[in-house]
Every structure is written in C-alpha cells, then in structure tokens.
Amino acid sequence: NNNMKETLKQKIFFVYPPSLIMNREDRCQQPTDELNIIPPLPPVDMMSLSAIAKKRGYDTVFKDYSIKNETVYDFLRDLRVYKPDFLVLNVASTTLEKDLSILAQAKDLLDDTVVIVKGAVFNFNSYQIMQQYPEIDIALRGEIEPAFDEIIQYKDFRTIDGITYQIDNKIISTQNREIPKDLDYLPNLDRDLIDNQIYVRPDTKKPQTIIRVSKGCPNHCFFCLATPLNGKTVRYRSTKKILEEIKECITKYNIKDFIFWSDLFTYDKGWVQRLCKEIIDNGYKINFSVNTRIDTIDDETLSSLKKAGCNLISVGIESGCQEILDKIGKRTTLEQIRTTISKIKKAKIQIYAYYVIGLPWESKETIERTFKFAKELNTEFASFYTATALMGTKFYDFVIKNRLGEINNEKPYTYPSVKSYSLTSDEIYKYNKKMNKDYYLRPSYILKMAMQINSLIKLKTYYDTFIKFLKKS
C-alpha cells in the first residue's frame, strides 16, 4: 500500500470551513468586518503547508467557503469531485463546533481521506476535542510545518513529534516538538494556491500579502496567545530569505504591498535596521505594515522603517486605564503610550491602535477613560475589541479560577466571552458597538482623514466606509 502511495500523484485539499469569515492564524484569530477596516488576509498556514506538499510531489487545492458565503453542501460537492488523500482543516478556537461539524458527512463520503486539523486550540485540548470528533485522524500541535512534512511522507505516527492521532479507537499524543531556533526552515508561501486579487489593502484596493518575519514574544500578556504558541524567545527569519520572498512577490505576482507578520517586529532594533537597509539597497519600492510594542521603538528605527516603505504600524494600546494595564501585565504606562504615538506620528507613519474592553476589572468608568484616551491619541485607525478568553491564555485560566461565568466564544470579538466583575456581557457589547461607531464618526476625525485622501480610489473607499458607519448607526 505504501509503495502505491509513493507512485501515484496524490492530492491535498486545504479548507477554511463554511463558517464566520475570519482571519484564522493562530495568534490572531479575528473576524473580518463589514466595514472592511479589518480585511480578509491570505491563509498563511495553508499556503505554507502547500509549499511543503508541492515539494513532495502533491497536487494541492485551497478553498475558503466562508469568504464566498458557501455552505457545507458546496464543500461536500467539491470533496466528491476532488477526492483528496488528505483533507486539512483550519479551525478557529471561537468557531470550533461549527468548523468541525462538517467532518462527519465528509468521512461518510470519503472514508479513506486522512483528516488533519490545525488551530491554536489543539495545542491545549486536542485529546478532548478528538474524543468528541472521532472523524479527526490527526491534530497538529506547535509549529505545524515539520510534523506535516513527516505525515505526508507516511512516516510512522509514533515517531512524529507534535501530533495527536487516532488509531484503533485510541487517541495518542506524541511528545511536543522542540521549537526550531532558526526560522529559515519556513518555506516561501505558495501564492499559486490562492487568488491573490482577493486579498487587498482596504484603502488602495491593491493586492496585499503576508511575509512571515519572526515568531515569539517575551511579554506574555494576559489575553494573548503569542507566547504560549510561539515561545518567549523572538526568532527571526534571515533578511536574505525575506528579501527572496519580496523579490518573488514583485516579479512573479506584481505584489508590492506587504504585512510583515510577527509577534513583535521591533524587538531587535539591529535586525530591523538591517532589513530596512537591504530593502533600500535592493531598490525595492514597496509598502509594508508592521506591529510594535510601545516600549520597543525609537526615532532611529522609525526613520529606517519610513525610508524602507513602512506605511502603517499596529500597536496594542489595550486600555486607557493604568490600573488595567498593570493588572494584565502590559508593563507600559499611559505617558509612554503618548510619547511613542507622538513619535510615530512625527515619522509620518499611520497608526492602527487596538483596544480591548470587558476584561475582569472593567467598569463603566474604565471604559469611558479608554475611549477618552483613544480620542486623545487620535490614530488613523482603531479597533475596540471585546475580551475573548481563548484557551491557552492567562485570561482563560483566570476566568476558570475566579468563576467569571461560562466562557462563550460563539460571537468572537463582537460579543464578550465572559462578563466583568461589574458589567454584564450585554453591557460590554453595547459599549463596544458604540465605541467603534463613535470613534469614526467624530467630525474632527473625518476632517483628519479627508486631508489624507490622495487618490480617487481612496476617496471612494473612505466614502463607502463612512456611509456604512452611518447605516449601522
């Protein structure tokens, strides 16, 4: 049987299930929004696994059933036609039940297809989930590429670290795979797997893609999965590998807009300086966005980023209440935030600020202080999320220990997963809707953004978004 597997051209079907339209990368599981401030992002993990599979001689196909509002029947139709040897499902923690509900029918249809699942939740709860969903053959844990590569080579499951598998009605977890120190093992993403024109910058509508540059974060914030998933050590890809991928995107796909994907991009300022210098020295005229922490960026780094093409920096502000920042271990102060935001503005780089409301200590007063602070900072873009207790975070453990209620993640990032000590979930939800609307409908904000319009496309985009806000209100 194994000899036959090796000689036939095999197929792998990568799937985003018919569920909520989401960006499903493990650290950053969030739904896209109808206002298009949070656009759909390319399926990075699927593209990475596809690159590995193609090197092993497989045919690969990807389908996102959520983005086109397709149903389980569309999925089963495609499954019947494609008849894959492996089905790889990307599962979000917040939509787990809906995502996995399609598997029973899939297994009835193609019993010989090996079902592989990946997603953050399997790092912490794979055994229990696989008890509930016996259709799952293998769950990937940790960094998924090395284990996947060994699976599709038909290596003995017992020898593959970082998986949980079912065999003869038994569920077996192998040991955790050691975290690779060198990220250059990651392949360039298989961009032939997708329609690159679907994934665009919200403001210019130009194709935009992701390049992975680093993993790991030493800070381990209260509600964040970055450290539990990727470790405390920040590991970078070499600038050589990143430049290779940039060149491929420009020459093969005519893509010049990038998100440099990392848990903490600006941790190593020397590495950032080298990358920026090489982008400039190679004459690449690109635009890119990065993320940062308030306490890891300075004027010199900002100057280099701007010269290399950085047009947007994302930063987690979280709260305008110092007491909450202290309780979640953010290790930043409101004054530090003001200073850093001022520096980024001075460098003429746009800012996307993230806030979260509904943490255990949230009250009406702390929410009002956060919104007042957000208006004071007045960044170009802002999102106000409701607190989601994802399995694997300190927040999740805190909720269980302090009995803050049953965790409900059915409406991720729009409806809080739990109440706070002084506010109900419904109250937090209402504040969240109001903050997201009121921030963007301020006359001063509208004037500020109108002054930045420099193309007809941007004018149309901003106008359409404004009208959608008015309709929502």
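What counts, and where the lines are drawn
- Residues numbered from 1 in each chain as written.
- Predicted model: local features only at pLDDT ≥ 70, side-chain atom pairs only at ≥ 80, totals over all residues.
- Heavy atoms only, no water.
- Helix = DSSP H or I, 4+ residues; strand = E, 2+ residues; numbered from the N terminus.
- Rg over C-alpha atoms; globule rule 2.2 N^0.38 Å.
- Buried < 20%, exposed > 50% of the residue type's maximum accessible area, 1.4 Å probe, protein only.
- Contact = heavy atoms within 4.5 Å.
- Areas by Shrake-Rupley, 256 points an atom, 1.4 Å probe, with all protein chains shown as cover.
- Lys, Arg positive; Asp, Glu negative; His and termini not counted.
- Charge placed at Lys NZ, Arg CZ, Asp CG, Glu CD.
- Axes fitted to C-alpha atoms, helices over the stretch in contact; angles between N-to-C directions.
- Parallel < 35°, antiparallel > 145°, perpendicular 65-115°, else oblique.
- Left-handed = near helix turned anticlockwise from the far one by under 90°.
- Pairing = 2+ DSSP bridges.
- pLDDT = per-residue confidence, 0-100.
- 1 Å grid on protein atoms, 1.4 Å probe; cavity = no way out; pocket = protein on both sides within 12 Å on 5 of 7 lines; lining within 4 Å.
- Points joined across faces, edges and corners; volume = space filled by probe spheres on them.
- Nonpolar A, V, L, I, M, F, W, Y, C, P; charged D, E, K, R; others polar.
- Phe/Tyr/Trp six-rings, centres within 6.5 Å; stacked < 30°, edge-to-face > 60°.
- Salt bridge = Lys/Arg side-chain N within 4 Å of Asp/Glu carboxyl O.

Engineer: Explain the overall build of the protein chain to me, please; I cannot follow it from the model alone.
Structural biologist: Assigned secondary structure in the protein chain consists of 18 helices and 17 strands. Here the protein chain has a C-alpha radius of gyration of 22 Å; the compact-globule value for 473 residues is 23 Å, and the two agree. The dimensions of the protein chain, computed from C-alpha atoms along their principal axes, are 70 × 55 × 40 Å. A burial count over the protein chain gives 58% of its 473 residues as buried. Sequence separation of 24 or more characterises 71% of the internal contacts of the protein chain that already satisfy a separation of 6 or more. Of the roughly 21,200 Å² of accessible surface on the protein chain, a fraction of 51% belongs to carbon and sulfur atoms. Across the protein chain, 71 positive and 61 negative side-chain charges occur, with their mean positions spaced 5 Å apart.

Engineer: Just to check I follow, could you spell out the packing of helix α2 (residues 44–55) against helix α7 (residues 144–151) for this structure?
Structural biologist: Two quantities define a packed helix pair, namely the angle between the helix axes and the distance between the axes. It is at 10 Å that the axes of α2 and α7 come closest, and there the two elements cross at 40°. By the angle class used here, α2 and α7 are oblique. Taken as a pair, α2 and α7 cross one another with a handedness that is right-handed. Here D45, S48, L49, I52 and A53 of α2 come into contact with α7, specifically with I144, E145, F148 and D149.

Engineer: Looking at this model, I keep getting lost on the sheet that holds strand β10 (residues 208–212). Mind explaining?
Structural biologist: Two modes of strand pairing occur in sheets, parallel and antiparallel, and in both the strands are linked by backbone hydrogen bonds. Here 6 strands make up an open sheet; going across it, the order is β10-β13-β14-β15-β16-β17 and the pairing parallel. The open sheet has two edge strands with one neighbour each: β10 and β17 (381–386). Across the sheet, the mean angle from the axis of one strand to that of its neighbour is 20°, orientation sign disregarded. Sheet topology places strand β14 (residues 287–292) next to strand β15 (residues 310–318); 5 bridges connect them, and they run parallel. Within the sheet, the bridge partner assigned to T292 lies in β15 and is V315.

Engineer: So what exactly am I meant to see when it comes to the confidence of the model for the protein chain here?
Structural biologist: Parts of the prediction with low pLDDT should not have their coordinates interpreted in detail. Taken residue by residue, the protein chain gives an average pLDDT of 89. The fraction at 70 or more is 91%. In the model, residues 1–7 has pLDDT below 50 throughout and makes 4 contacts with residues more than four positions away in sequence or in other chains.

Engineer: Please clarify how empty space enclosed by the protein should be interpreted in this entry.
Structural biologist: Rolling a probe over the atoms, with the probe sized like a water molecule, indicates the empty space that remains. With the rule as written, the count across this model stands at 2 cavities of 30 Å³ or more. Contributing to the lining of the second largest cavity are Y16, I21, M22, P40, L41, D64, I67 and Y199. Here the residues of the lining of the second largest cavity sort into 7 nonpolar, no polar and 1 charged.

Engineer: Help me understand the packing of aromatic side chains, please; the structure alone is not making it clear to me.
Structural biologist: The relation between two aromatic rings is expressed through the spacing of the ring centres and the mutual angle of the planes. Applying the stated criterion across every chain, the model contains 26 aromatic pairs. With a centroid separation of 5.7 Å and an interplanar angle of 50°, the aromatic rings of F86 and Y154 are classed as tilted. With a gap of 68 residues between them, F86 in strand β5 (residues 86–90) and Y154 in the loop between α7 and β8 (163–167) connect regions that are remote in the sequence. Between F222 and F395, the ring centres sit 5.2 Å apart and the planes meet at 35°, which makes this aromatic pair tilted. Here F395 lies in helix α15 (residues 394–402) and F222 lies in the loop between β11 (214–215) and α8 (226–230), a separation of 173 residues in the sequence. The buried category is assigned to F395, whose relative accessible area is 0%.

Engineer: What am I meant to see in the packing of helix α9 (residues 239–253) against helix α10 (residues 269–281) here?
Structural biologist: With their axes 10 Å apart at the nearest point, α9 and α10 run at an angle of 35° to one another. As for how α9 packs across α10, the hand of that crossing is right-handed. For the pair α9 and α10, contact is made by T239, K240, I242, L243 and I246 and by W271, R274, L275, E278 and I279, respectively. Among the residues making up the contact of α9 with α10, the classes are represented as 6 nonpolar, 1 polar and 3 charged.

Engineer: Mind showing me how you'd approach unusual backbone geometry here?
Structural biologist: A negative phi angle characterises most non-glycine residues, just as the trans form characterises most peptide bonds. The phi angle at Y154 is positive, at roughly 60°, despite the residue not being glycine. Look at R331: it is not a glycine, yet its phi comes out positive at around 55°.

Engineer: So what exactly am I meant to see when it comes to the pattern of salt bridges here?
Structural biologist: Between side chains of opposite charge, a pair can form when the charged atoms approach closely. In the structure shown here, the tally under the stated rule is 30 salt bridges. Salt-bridge contacts for E245 lead to R191; the nearest nitrogen and oxygen are separated by 3.0 Å. Residue E245 is found in helix α9, and its partner R191 is found in the loop between β9 (170–173) and β10; the two are separated by 54 residues along the sequence. A relative accessible area of 1% places E245 in the buried class. For R201, the salt bridge is made with D257, and the minimal N-O distance between the two is 2.8 Å. Linking R201 in the loop between β9 and β10 with D257 in strand β13 (residues 257–261), this pair joins segments that are 56 residues apart in sequence. Assessed through its relative accessible area of 4%, D257 is described here as buried. Taken together, the salt bridges that share partners define one network made up of K63, E70, D74, R77 and D78.

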